[in-house]
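In case you want the letters, here they are:
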Amino acid sequence: MAPQPRPDIVTNALATMQKAAAVPPPPMPTSKDDINGTWRFLEWGVDRIMFSLKEGVDLRTYMSLYTSIHNFCTAQKAAGPTTNTLHSTHRGAHLLGEELYHRLNTYLKQHLAGVHAEMVKHSDEALLTYYIEQWNRYTTAGTYNNHLFRYLNRHWVKREMDEGKKDIFDIYTLHLVRWKEDMFGSTQNAVMDAVLRLVEKQRNGETIEQSKVKQVVDSFVALGIDESDSTKTNLDVYRQYFERPFITATGKYYEAESKAFLGENSVVDYMKKAERRLDEEKERVPLYLLAEIMQPLMKCCESALIAAHCQLMRDEFQILLDNDREEDMARMYKLLSRIAEGLDPLRTRFEAHVRRAGHLAVEKVAEAGDNLDPKAYVDALLEVHTQYSGLVQTAFTGESEFVRSLDNACREYVNRNKVCQKNSARSPELLAKHADNVLKRSTKATEEDDMEKMLNQVMTVFKYIEDKDVFQKFYSRTLAKRLVNGTSASGDAETSMISKLKDASGFEYTNKLQRMFQDMQTSKDLNSSYDEWCKDTFDADDRKEGVDAYYQILGTGFWPLQPANTPFVAPATIVKTYERFQNFYNSKHGGRKLTWLWHLCKGEIRANYAKMNKVPYTFQVSTYQMAILLLFNDSDTVTYDDIASSTMLAKETLDPSLGIMLKAKVIIASPEGAASQSGTTYSLNYGFKNKKLKVNLNVAIKAEQKQEAEDTHKTIEEDRKMLMQSAIVRIMKSRKTMKHAVLVGETIQQIKNRFSPKVADIKKCIDILIEKEYLERLEGDDLGYLA
Amino acid sequence: NASAAVNAFFNNPSTAAANPLRKSLNSTFDKYRDDPRNEPDNIDVGGTSKLLGQLQIELDDVGALIFSDIVSSPSLGKITREGFVDGWAEVNIDSLPKMRNLVLQRRSALPSDRDIFKNVYNHTFTLALAPGAKTLPLEMAVEFWRMLFTPPAYDWRTSSTPWLDWWLEFLQAKKTKAVNKDLWKQTLSFAEQTMRDDSLGFWNEESSWPSVIDEFVEWIEKEKRPGRGGEAMEVE
C-alpha cells in the first residue's frame, strides 16, 4: 500500500495551490531506481519548499514527490529476485536510501554556503535581521522536508540510527546539524556581539526590538542536539554560546556602571540605583530570555552590584543608624541579604549601636545617683528597646538574627550599665520598684488598658534581666506590702502580672506569690467566720470592749516578711482583742503558732480632745504610735523614759515614731524642740489643728526602707549559694560521677534562668560539698556523689 | 611458706603471736609503753620520743613523719600495737637499726619517689588532725608544709619561683583559718604540676582545683607576676 502524506500538509498545499508555480516541475522519474532522475525531481520540490513555500505545491505534485521517494527506496525490493532473504532486502533499501540522504545533505550544504556568504556582508542589527530571516526560512523548510522525506525517515534513517550510526539524523535534525556545522560555528560570534550590543542599548535606556534577541535565543536552544542521542536536545549550545557571554557582558557592564556611579553619587543613591537595576534584570528574563538564566544572571548582578561594594555599604550603615534612616537601612538590608554572609557585619554593628544607645540612655538618668527614679530608669531602658525593635521590624523584616542581635544588646545594657556598675542587682531592684509603683494605688487612677500596657513594658525589661531571682525577691516584698496594706490599685492587674511572670519564668517562680494571694482570700473568709463566732460567743457589751479589727494570717514560708527587729509590748486594749482572736484561731487550727508582725499593723485612733467643727480628728497610726498615744489616756504628759519602758520599743524605732507625731504637732516636746532622749517630756497638743479630719501619721521610715533593701540583697547571696548547692547535688545524684567541668556547665544551665552564676562561685559550692562529704574527688577530674 | 603463714595468722591469731618476728616486735613495743597497766596497747608521747631518740630521729624532722606513716600513727606521738607490729612486719623488720635504716632510706627517696612521698604527705594530715576535727588550723598546716615541702623532703620551688614561700604568703594574706583534707591533698597535686610547668599553663578557670588554689593563681598573676597574664588584660 502506498504511504500517505500527513493530511495537514496536504491541506496547507491545497490552500496555496491556486498560485501558479514559477518553475514547472521536471518530469517524474521513469525508472524507480534512477537516482539522478529521482533527485532532479526532488530537488525541484525542495527548492520550492525552501524558497517559495508560500506559493505552495498542488496536491498531485506533492503526492508525486512523496511517491518518488517511496519508489526509490523500494525499487530494489520490487525488482529484486524472490529468493532474497529479509536481510538482503534490508541492505538494499539501505543503499538506495543513503543516496537520497546524501544528495539532500549536499543540497543543504550548498544552500548554507550561499546564506553564509551573504550573511558576512551584514553587521549588528542588520545581521540579526538576516540571521533570523534565514533561520526561520531554513527551519520551516526543515519541517516541511521532514514530512516530505517521511518514508526515508521511517525506514532507512531509522535503521541506520538503530544500528548506532551517530552521524545519521532524521531529516529535520539533519537541517539543524548542517546549520550548526556550516553556519553557526563561523557566525555565532558576530551574532552574539550584535545581541549583546542590543541588550546594552536597552540597558542604556534605548528601545530595542526584543523579539530579535528572543529568536536568537530560540535558535541557539534549537541547536542543542544531544550528541549521544540526536532525538533529544539539551541546553549545551545555548549555555556555552549564549548564556556564558551574556553573563560575562552583564558583569562587565555593571562593574563599570557601578564604579562610575559611585564615583559621583552617594551610597544611598547607589543603593536605589542597584535596587532598580536588579529589578530590571529580573524583569528582562521573562521578556526575551530563557527562564534558566535567572539564577546565574541574578548571581552575576548581585556580585557586581552588591558584593563588589558591600564594604562601602557597611561603612555607610553606621551613618544611617545614627540618622535613623529607616528606609535606606531597609534597602541596604534587602540588598545585602542577597549575598552570602552579607548581613553579618550589619548585625554586629547594629548590636554595638543598640548597646551604645542603651548605655547612653542609662548614663543620662544615672546622674540622679541613689535617688534614681525607678520609672525614669525603666523608661530609659525601654526607650532604646522600643526604638530599635521597631527598626528591626520595619527595616530588617523582623529577621530572627537581627532580633537576636537586639536581644544581645539589650541584655547587655540592661544588666551591665552605669547604674548597676557597683551592684549588678540594681537593675532588677529598680524594675521591681517600678512595677510596685505601677501596681500601687496612686492619686490618679490608671485606665485598665494603660495598666496592661505598663505591665507589658515591665515584662519587656524583665525578659532581659539576668538576675531574675533578685527581681523575684523585691517583687515579692513589694507585693507583700501591697497586699498587707491593701494598697493595690487593682486585683485584676495583680493577677495579670503574676500570670505574665508565670508565663515567662514558670510555675515555681511565682508559686509563693500565688500563695500570698491565697492567704489573702483565706484571711477574708476567716474574718467573717470570726465575726460570726464573736456574735455567738459574746454578748453585745462584751463585744464592745474589743477593738474592731481585721486579721491577716500569712503563711511563714510564703511571705517575705521578717518579725520586727524591736521588742514591743502591745497596749492592753489591743492585747484583749487579739487574745480573743487567738483563742478562736487555736480552736480552729490547733498547733499553729501565730506571730504578730506589729511593725506591719496599723490602726485608727480618734482624738476626742481635739475637734474640727465638733467632729473629732482621726489619726491613722502604726501600732507603735498607737501604743505611745494611748499612754496619754492616763496622763497628759508622759516622759521619754516612760514611753520607752512601757512600749519596750528600741530607740531606732521609737524615735522616728515620735518624730512624725512631733512634726505633725500631735504631741509637743518639752523643753521645746528637745531631742528624743531621756529627760524630755511630751504632752498632748489640745490645740491640734489640721485641714483634714483624717490625719495620716503612719509614714514609712526612710532608714527602715534602706535597711530592708540591704537585707534583701543579703538574703539573695545566701539563697544563691543554696540554689547552686542544691543544683549540684541534684545533678550529681542522678549522674553519680561526672567530670568537674561538665558539672559546672550543667549547673550554669540549670540556674541561668534565675541568675548568671560565676564559675568561681560554683567551684566554691563544690568545695563546700566536698568538705561536707556530699561529693568526693575521683581519678582525673571526676567527681563522685556520696549518698 | 609465706601464704601458709598468712593463712595461719588469719585463722588463728594465737599462732601468729608465735611468729618470731611479730613476737620480737611485740616485746619491743612493750618496752616503750607509757602506761602498760591502763593502756597496754598504746605508746604515748613519752614512749614515742624515747623510741625516736633511740632511732636517732629528730622529732621535728620529716623522718618522724615517715616513721609515723610506717606505724600508721593515729595522731601525733601516738602508736598503737596493731599499727606498730603490722607496719614493721609488713616490711619484715624487727630490729631498731633496721628500722632506722628504712626510715633513712625513705627519707632520701622522698624527693624522687612519688608514691612514698604521697603516702607520707597524705598521712601527715590525718596525723596532725585534732581528735574529732575535720580541718587543720592554718598554723599547723604551715608547719607541716614547711617540713614536707623543703629539703630533704620534696623541695617545692623552681629556679624562678619560690612556690612554697608564695603559697604560705598567700594563705597568710588571705587570712585563711583552716585547711581541709581536700585542699591538703590538692595542694600536693598542684605542687607537682607547678614543678612540671612553672608558667601555670596547666591551670585554667574551668579546671577542678579547689577555689583556694584558683585564688592563689589569681593572686600570683596580680601580686607576683603582673603583666604576665594576658587574659586579664583582654577582659576589659
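Residues numbered from 1 in each chain as written. Chains lettered and ligands numbered in written order. Predicted model: local features only at pLDDT ≥ 70, side-chain atom pairs only at ≥ 80, totals over all residues. Heavy atoms only, no water.

**A few points about the overall build of chain A**
Here is the rule: Strands here are runs of E lasting at least two residues and helices are runs of H or I lasting at least four, both read from the DSSP assignment and numbered beginning at the N terminus. Atoms counted for the radius of gyration: C-alpha only. Globule rule: 2.2 Å times the number of residues to the power 0.38. Between buried and exposed lies partly exposed: a residue is buried under 20% and exposed over 50% of the maximum accessible area for its type, with that area taken using a 1.4 Å probe on protein chains only. We call two residues contacting when some pair of their heavy atoms lies within 4.5 Å. Computed with a 1.4 Å probe, the accessible areas rest on the Shrake-Rupley method; for each residue, only the protein chains presented here act as cover. Neither His nor the chain termini are counted; the positive set is Lys and Arg, and the negative set is Asp and Glu. In plain terms, the charge of a residue is placed at NZ if it is Lys, CZ if Arg, CG if Asp and CD if Glu.
Looking only at helices and strands, one finds 29 helices and 9 strands in chain A. Compactness check: chain A gives a C-alpha radius of gyration of 50 Å against a globular reference of 28 Å for 787 residues, more than 25% above the reference. When the backbone C-alpha atoms are referred to their principal axes, chain A occupies close to 155 × 65 × 60 Å. Scored against the burial criterion, the 787 residues of chain A give a buried share of 46%. The long-range share in chain A, meaning contacts at least 24 apart out of those at least 6 apart in sequence, stands at 72%. For chain A, the accessible area works out to roughly 41,000 Å², and carbon and sulfur atoms hold 50% of it. Each charge class in chain A can be summarised by its mean position, and for the 107 positive and 110 negative side chains these summaries are 1 Å apart.

**Re the overall build of chain B**
Helices and strands together make up the secondary structure of chain B, namely 13 helices and 4 strands. In chain B, which comprises 236 residues, the share counted as buried stands at 42%. Within chain B, contacts between residues separated by at least 24 positions form 66% of all contacts whose residues are at least 6 apart in sequence. Of the accessible surface of chain B, which amounts to about 12,600 Å², a share of 50% is contributed by carbon and sulfur atoms.

**With respect to the UniProt feature "domain: Cullin family profile" (unreviewed entry) in chain A**
For clarity, the threshold we go by: UniProt positions are given in the numbering used here, feature names are shortened, and annotations may be inferred rather than shown by experiment.
The feature "domain: Cullin family profile" (unreviewed entry), as given by UniProt, occupies residues 426-662 of chain A in the numbering adopted here. Summarising residues 426-662 of chain A: 62% helix, 9% strand, and an end-to-end C-alpha distance of 35 Å.

**Looking at the pairing of strand 9 (residues 782-785) of chain A**
Filter applied, for reference: When DSSP finds two or more bridges between a pair of strands, those strands are recorded as paired.
Sheet topology note: the strand 7 (residues 737-739) of chain A/strand 9 of chain A ladder contains 3 bridges and is antiparallel. Pairing of K739(A) across the sheet is with D782(A), part of strand 9 of chain A.

**What about the interface of chain B and chain A?**
Quick reminder of the rule: Accessible area, probed at 1.4 Å, shrinks when two parts are joined; the buried area is that loss added up over both. Between Lys or Arg on one side and Asp or Glu on the other, a salt bridge is scored when a side-chain nitrogen of the former is within 4 Å of a carboxyl oxygen of the latter. Think of a polar contact as two N or O atoms within 3.5 Å of one another; within protein, one of them needs to be a possible hydrogen donor and the other a possible acceptor, and neighboring residues in sequence only count if both atoms come from side chains. Polar here means any residue outside two lists: the nonpolar Ala, Val, Leu, Ile, Met, Phe, Trp, Tyr, Cys and Pro, and the charged Asp, Glu, Lys and Arg; Gly therefore counts as polar.
In this assembly, 15 residues from chain B lie in contact with 12 residues from chain A. Both sides of the chain B and chain A interface together cover about 1,100 Å² of buried area, and 39% of this is carbon and sulfur. Counting across the interface, chain B meets chain A through 4 salt bridges. The closest approach of N and O atoms between K764(A) and E215(B), which form a salt bridge, is 3.5 Å. Linking chain B with chain A are 8 residue pairs in polar contact (both at pLDDT 80 or more). Of all the secondary-structure elements, those providing two or more residues to the side of chain B that touches chain A are helix 11 (181-196) and helix 12 (211-224) of chain B. Per-element tally for the side of chain B that touches chain A: the top contributor is helix 12 of chain B, with 4 residues. Partitioning the side of chain B that touches chain A into residue classes produces 3 nonpolar, 6 polar and 6 charged.

**Considerations on the packing of aromatic side chains**
All names here are of chain A. This is how it is decided: We call Phe, Tyr and Trp rings a pair once their centres come within 6.5 Å, taking the six-membered ring for Trp, and we label the pair stacked below 30 degrees between planes, edge-to-face above 60, and tilted otherwise. In this scheme, Lys NZ or Arg CZ marks a charge over a ring once it lies within 6 Å of the ring centre and within 35 degrees of the ring normal.
A complete count under the given rule lists 68 aromatic pairs over all chains for this structure. Ring geometry for Y578 versus W598: centroids 5.5 Å apart, planes at 55°, classification tilted. Of this pair, Y578 sits in helix 23 (residues 572-588) while W598 is found in the loop between helix 23 and strand 1 (602-612), placing the two residues 20 residues apart along the sequence. Judged by relative accessible area, which is 16%, Y578 ranks as buried. The ring centre of Y475 lies 5.4 Å from the NZ or CZ of R482, which sits over that ring. Of note, R580 hangs over the ring of F538, and the distance from its end group to the ring centre comes to 4.0 Å.

**Describing a negative patch on the surface**
Residue and element names in this part refer to chain A. Condition: Here a patch means residues that are over 30% exposed by relative accessible area and free of salt bridges, tied together within 9 Å if like-charged and within 5 Å if nonpolar (Val, Leu, Ile, Met, Phe, Trp, Tyr).
Taken together, E447, E448, D449, D450 and D492 make up a surface patch of like negative charges. The greatest single-element share of the negative patch, amounting to 3 residues, is contributed by helix 18 (residues 448-464). By the secondary structure assignment, D450 is in helix 18. For D450, a relative accessible area of 39% puts it in the partly exposed group.

**Describing the side chain of N415(A)**
The topology assignment puts N415(A) in helix 16 (residues 400-415). Polar side-chain contacts of N415(A) include one of 2.7 Å to the backbone oxygen of Y464(A).

**Observations concerning the nonpolar core**
For clarity, the cut-off: Nonpolar cores were defined as sets of buried Ala, Val, Leu, Ile, Met, Phe, Trp, Tyr and Cys residues, with membership established by side-chain atoms within 4.5 Å.
Core analysis: the biggest nonpolar cluster contains 163 residues, and F149(A), L152(A), F242(A), F350(A), Y377(A), F396(A) and Y475(A) have the highest contact counts within it. The greatest single-element share of this core, amounting to 14 residues, is contributed by helix 7 (residues 171-203) of chain A. Among the nonpolar cores identified, the runner-up in size contains 68 residues, and Y32(B), L164(B), W166(B) and V179(B) belong to it.

**Topic: the layout of surface pockets**
Here is the rule: A cavity here means a set of 1 Å grid points, computed over protein atoms only, where a 1.4 Å probe fits but cannot escape. A pocket is an open set with protein on both sides within 12 Å along at least 5 of 7 lines, and lining residues have an atom within 4 Å of a point. Grid points are joined across faces, edges and corners, and a volume is the space filled by probe spheres set on the points.
Estimated volume of the second largest pocket: approximately 970 Å³. Looking at the lining of the second largest pocket, the elements with two or more residues in it are helix 29 (759-771) and strand 8 (775-777) of chain A together with helix 8 (114-128) and helix 11 of chain B. When residues of the lining of the second largest pocket are assigned to their parent elements, the largest contribution, 9 residues, is made by helix 11 of chain B. When its residues are assigned to classes, the lining of the second largest pocket shows 10 nonpolar, 8 polar and 15 charged.

**Brief notes about the pattern of salt bridges**
All names here are of chain A. Counted under the stated rule, the structure contains 56 salt bridges over all chains. Its salt-bridge partner being D182, residue R178 comes within 2.8 Å of it at the nearest N-O pair. With R178 and D182 both in helix 7 and 4 residues apart, this pair spans about one turn of that helix. Since its relative accessible area comes to 25%, D182 is described here as partly exposed.

**Observations concerning the environment of K739(A)**
Residues and elements named next belong to chain A. Within the secondary structure layout, K739 lies in strand 7. Using a relative accessible area of 43% as the deciding quantity, one classes K739 as partly exposed. Each C-alpha atom of the pair K739 and D781 lies 5.5 Å from the other, and the pair is 42 residues apart in sequence. What K739 contacts, discounting residues up to four positions off in sequence, is D781 and D782.

**Concerning empty space enclosed by the protein**
All names here are of chain A. For the structure shown, the criterion picks out 1 cavity of 30 Å³ or more. The wall of the largest cavity is formed by L381, H385, Y413, V414, T460, V461 and Y464. Among the secondary structure elements, those contributing two or more residues to the lining of the largest cavity are helix 15 (374-395), helix 16 and helix 18. When residues in the lining of the largest cavity are grouped by element, the largest group, 3 residues, is from helix 18.

**A short note on the sheet that holds strand 1 of chain A**
All names here are of chain A. Heads up, the condition is: Under this scheme, a helix contributes an axis fitted over its contacting stretch, all axes are lines through C-alpha atoms, and angles between N-to-C directions fall in the 0 to 180 degree range.
Reading across the sheet, the 3 strands line up as 1-2-6 and stay open at both edges, with mixed pairing between neighbours. A single partner strand is all that each edge strand has here, and the edge strands are strand 1 and strand 6 (694-696). Across the sheet, the mean angle from the axis of one strand to that of its neighbour is 25°, orientation sign disregarded. As defined by bridge partners, strand 1 adjoins strand 2 (residues 615-622) across 8 bridges and the pair is classed as antiparallel. Across the sheet, the residue bridging to A607 is Y617, located in strand 2.

**So, the environment of V191(A)**
All names here are of chain A. Inspection of the secondary structure assignment puts V191 in helix 7. Using a relative accessible area of 0% as the deciding quantity, one classes V191 as buried. Note: C-alpha distance between V191 and D322 (131 residues apart in sequence) is 52 Å. Ignoring anything within four residues of it in the chain, the contact list for V191 reads L127, L128, Y131, V216 and F220.

**Regarding the state of the cysteines**
Rules: In plain terms, two cysteine sulfur atoms within 2.5 Å form what is called a disulfide here.
In this structure the tally under the stated criterion is 0 disulfides over all chains. Summary of cysteine pairing: C300(A) is not part of a disulfide, and the nearest cysteine sulfur, belonging to C301(A), is at 4.9 Å.

**A few points about the pairing of strand 4 (residues 667-670) of chain A**
When a strand is regular, its side chains alternate between the sheet's two faces. Residues and elements named next belong to chain A. Burial along strand 4 is one-sided: I667 and A669 are buried, and none of I668 and S670, which face the opposite way, are. With 4 bridges joining them, strand 4 and strand 5 (residues 681-684) adopt antiparallel strand pairing. Across the sheet, the residue bridging to I667 is L684, located in strand 5.

**Side note on unusual backbone geometry**
Here the amide bond leading from S670(A) into P671(A) is cis, since omega sits at -5°, within 30 degrees of zero. Looking at the element boundaries, P671(A) is found in the loop between strand 4 and strand 5. With an omega of 10°, the peptide bond between P151(B) and P152(B) qualifies as cis. As for its placement among the helices and strands, P152(B) is situated in the loop between helix 9 (138-148) and helix 10 (163-173). Even without being a glycine, N613(A) presents a positive backbone phi close to 50°. Note on placement: N613(A) falls in the loop between strand 1 and strand 2. Overall, N613(A) belongs to the exposed group, its relative accessible area being 70%.

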